[in-house]
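Chain and residue survey
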Amino acid sequence: MPFELPENLHPDCGPVAWLLGRWGGRGHGDYPTIDAFEYGQELVFTHDGRPFFHYFARSWIVDANGDKVRDAAQEAGFLRCRPGGDMELLLSHSSGISEIWYGKAEAGKLELHTAGVSFTESAKEVTAGKRLYGNVESDLLYAYDMQAAGQELQPHLWARLERQ
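The text that follows walks through the structure, step by step, so that each part is easy to find. (Residues numbered from 1 in each chain as written. Predicted model: local features only at pLDDT ≥ 70, side-chain atom pairs only at ≥ 80, totals over all residues. Heavy atoms only, no water.)

Before going further, it helps to examine the pairing of strand β2 (residues 34-47). For strand β1 (residues 21-31) and β2, the ladder comprises ten bridges, and the chain directions are antiparallel. In the strand pairing of β2, G29 is matched with F37. Connecting the antiparallel pair β1 and β2 is a turn made up of two residues. Sheet topology note: the β2/strand β3 (residues 52-62) ladder contains ten bridges and is antiparallel. Each bridged residue has a counterpart across the sheet, and for H47 the counterpart in β3 is F53. Taken together, β2 and the strand that follows it, β3, pair antiparallel across an intervening segment of four residues, in which G49 is found at a positive phi of about 105°. (Pairing = 2+ DSSP bridges. Helix = DSSP H or I, 4+ residues; strand = E, 2+ residues; numbered from the N terminus.)

So this is what it looks like as structure tokens:
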């Protein structure tokens, strides 16, 4: 699907402009404390001319045929674009977790690491994370590594999403 840069794109958002729009597809999840699973996902990045994107993601667990079994995670936040490709990400999750991320965007890639994680009394304890987003053959590929539940930082989620 073709992509056009918005006329009002803030210059600091240039390194991540390729993220704008709606993405959908399937992914995989695994972690030592849970059973492996497959999921469907939708990501949406919007922009209004200021130096940030609004971000929303929702996912659902799917069976081997790709049919929805149940709703899963949701997260929303703001990707704040700074000069020179520096990025800040503020995220809030439906599971009771809130995070601050820092990173860098360049050459169709965005890499982020957590600077702070907070969680509610009823949330699972997550202590750190790393996210990698890449524009590969016009698809959005991403990987999320997580440190949680006494485990070391390690792969948790990965997906390939197509522009919708």
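What follows continues from the structure just given.
On to the sheet that holds strand β5 (residues 86-93). The antiparallel closed barrel is built from ten strands, whose spatial order is β1-β2-β3-β4-β5-β6-β7-β8-β9-β10. Direction aside, neighbouring strands of the sheet carry axes that sit 25° apart on average. Taken together, the seven bridges between strand β4 (residues 68-81) and β5 define a ladder with antiparallel strand orientation. Within β5, the position partnered with F78 by the bridge is L90. (Axes fitted to C-alpha atoms, helices over the stretch in contact; angles between N-to-C directions.)

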